[in-house]
Amino acid sequence: MGRIKVHIDKTGKVKLDFIGFRGKSCFNESDKLKEILAKYGLTLKEGRIIELKQEDSLKVENNEEGEIIL
Amino acid sequence: MSHIAEYKTDIKLNLGMRNSSLSLNVLYKTIKILAEEMKADITNYIETSTVRKEMCMFSLRGKGFERGIGINIGLGGEIHFTYYGEYKEIAEDIRKSFEQKYKAVALSFALKELNYGVDVVKEKRDEIILSAEV
């Protein structure tokens, strides 16, 4: 399975980084997460989705600062 | 394959019979975190400018906002922040910080429900980063 990195900035914008998921499984995981979050009173409205190539994914994982750089 | 998804978000507590306790747990945990961070006390009232007590669901009282900032839930599940006097700026800071922390707590609970182990990588006012792994 993969890893999910969650960024919440001071304006409240939520960015989810799905790392190492096979095929389109990250989309299923994202849907499940949205469904559960609704129970907790949080609605994620569809925003921007960027697919990353394998090398981009590795770049994200290897970043020493734990920051995402695109 | 990996992807990054950015979302706009809405906080509206789920007050349905089955899920209200879940939302309230997130709310209470968020308020506790905020209180710790601001070295504030959690009470259930604020004071008006004539020192009359006004009850609310929760309130935060601390240095610089001694009369308190009230936190209430509207009938539709929306969160209201109430204050008297000159607390406009601090109330807005608290609202922003509350919103960020509520989302972090809700996401952390939801990811745990999906059997992820969740760690806080970074927690500052400008950004909170969580890392979740099965």
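Residues numbered from 1 in each chain as written. Chains lettered and ligands numbered in written order. Predicted model: local features only at pLDDT ≥ 70, side-chain atom pairs only at ≥ 80, totals over all residues. Heavy atoms only, no water.

1. Quick notes on the overall build of chain B
A count of helices and strands for chain B gives two helices and seven strands. With respect to the principal axes defined by its C-alpha atoms, chain B has extents near 60 × 35 × 25 Å. Buried positions account for 48% of the 134 residues belonging to chain B. Relative to all contacts within chain B whose residues are 6 or more apart in sequence, the contacts with residues 24 or more apart total 39%. When the accessible surface of chain B is summed, it comes to about 7,000 Å², and 49% of that surface belongs to carbon and sulfur atoms. (Helix = DSSP H or I, 4+ residues; strand = E, 2+ residues; numbered from the N terminus. Buried < 20%, exposed > 50% of the residue type's maximum accessible area, 1.4 Å probe, protein only. Contact = heavy atoms within 4.5 Å. Areas by Shrake-Rupley, 256 points an atom, 1.4 Å probe, with all protein chains shown as cover.)

2. Considerations on the overall build of chain A
Across its full length, chain A holds two helices and three strands. Secondary structure elements of chain A occur, N-terminal to C-terminal, as β-β-α-β-α. Relative to its 70 residues, chain A shows a buried fraction of 44%. In the form shown here, chain A has an accessible surface area of approximately 3,900 Å², with 48% of it arising from carbon and sulfur atoms.

3. A word on the packing of helix α1 (residues 20–38) of chain B against helix α2 (residues 88–113) of chain B
Residue and element names in this part refer to chain B. Across the interface, α1 lies against α2 with an axial gap of 9 Å and an inter-helix angle of 130 degrees. As summarised for this structure, α1 and α2 are arranged oblique, according to the angle between their axes. In terms of crossing hand, the pair formed by α1 and α2 is right-handed. Residues Ser 23, Asn 25, Val 26, Leu 27, Lys 29, Thr 30, Ile 31, Ile 33, Leu 34, Glu 37 and Met 38 of α1 form the contact with α2, whose participating residues are Ile 94, Ser 97, Phe 98, Lys 101, Tyr 102, Val 105, Ala 106 and Phe 109. Broken down by class, the residue content of the contact of α1 with α2 amounts to 12 nonpolar, four polar and three charged. (Axes fitted to C-alpha atoms, helices over the stretch in contact; angles between N-to-C directions. Parallel < 35°, antiparallel > 145°, perpendicular 65-115°, else oblique. Left-handed = near helix turned anticlockwise from the far one by under 90°. Nonpolar A, V, L, I, M, F, W, Y, C, P; charged D, E, K, R; others polar.)

4. Some details on the confidence of the model for chain A
Caution applies to low-pLDDT parts of the model: their predicted coordinates are not meant to be read in detail. Residue and element names in this part refer to chain A. On average, residues of chain A carry a pLDDT of 75, and 71% of them reach 70 or more. Looking at the elements of chain A, mean pLDDT is at its lowest for helix α2 (residues 54–62), recorded as 41, and at its highest for strand β1 (residues 3–9), recorded as 93. Segment residues 55–70: pLDDT under 50, and 24 contacts once partners within four positions in sequence are set aside and those in other chains are kept. (pLDDT = per-residue confidence, 0-100.)

5. Topic: the packing of helix α1 (residues 25–39) of chain A against α2(B)
Close contact between α1(A) and α2(B) brings their axes to 9 Å; oriented N to C, the two are set at 120 degrees. By the criterion of interaxial angle, the relationship of α1(A) to α2(B) is oblique. Between α1(A) and α2(B) the crossing geometry is right-handed. Where α1(A) abuts α2(B), its residues Leu33(A), Ile36(A), Leu37(A) and Lys39(A) lie against Ala106(B), Leu107(B), Ala110(B), Leu111(B) and Glu113(B). When grouped by side-chain class, the residues that make up the contact of α1(A) with α2(B) number seven nonpolar, no polar and two charged.

6. Here we look at the nonpolar core
Formed by 48 residues in total, the largest nonpolar core has its most connected members in Val6(A), Leu16(A), Leu60(B) and Leu107(B). If you tally residues by element for this core, the top one is α2(B), at 10 residues. Once residues lying within four places of it in the same chain are set aside, the contact partners of Val6(A) are Val14(A), Lys15(A), Leu16(A), Leu107(B), Leu111(B), Ile128(B), Ile129(B) and Leu130(B). (Core = buried A, V, L, I, M, F, W, Y, C linked by side-chain atoms within 4.5 Å.)

7. Observations regarding the environment of Leu15(B)
Residue and element names in this part refer to chain B. Along the chain, Leu 15 falls in the loop between β1 (2–11) and α1. On the basis of relative accessibility, which here comes to 39%, the residue Leu 15 falls in the partly exposed class. Remark: the alpha-carbon pair of Leu 15 and Ile 73, spanning 58 residues in sequence, is separated by 9.7 Å. If near-sequence neighbours (up to four positions away) are discounted, Leu 15 is found in contact with Ser 20, Ile 73, Gly 74, Leu 75 and Gly 77.

8. With respect to α2(B)
If you check α2(B), its first and last C-alpha atoms are 37 Å apart, about what 26 residues at 1.5 Å a residue would give, namely 38 Å. Directly beyond the C-terminal end of α2(B), a positive phi value near 70 degrees is found at Asn115(B). (Expected span 1.5 Å × (residues − 1).)

9. Here we look at the interface of chain A and chain B
Taken together, the contacts link 52 residues of chain A with 43 residues of chain B. Summed over both sides, the interface between chain A and chain B buries roughly 4,600 Å², with carbon and sulfur atoms accounting for 57% of that surface. For chain A, the biggest contributors to the area lost against chain B are Ile8(A), Lys39(A) and Tyr40(A); these three give 17% of the whole. Counting across the interface, chain A meets chain B through two salt bridges. We note a salt bridge from Lys39(A) to Glu113(B), for which the minimum N-O separation is 2.6 Å. For the interface between chain A and chain B, the tally reads 18 residue pairs in polar contact (both at pLDDT 80 or more). Every element with two or more residues in the side of chain A that touches chain B is listed here: β1, β2 (14–19), α1, β3 (42–52) and α2 of chain A. For the side of chain A that touches chain B, the per-class residue count stands at 23 nonpolar, 13 polar and 16 charged. Where β1(A) lies against strand β7 (residues 127–133) of chain B, seven bridges are found, and the strand directions are antiparallel. (Buried area = accessible area lost by both parts, 1.4 Å probe. Salt bridge = Lys/Arg side-chain N within 4 Å of Asp/Glu carboxyl O. Polar contact = N/O pair within 3.5 Å; in protein donor to acceptor, adjacent residues only side chain to side chain. Pairing = 2+ DSSP bridges.)

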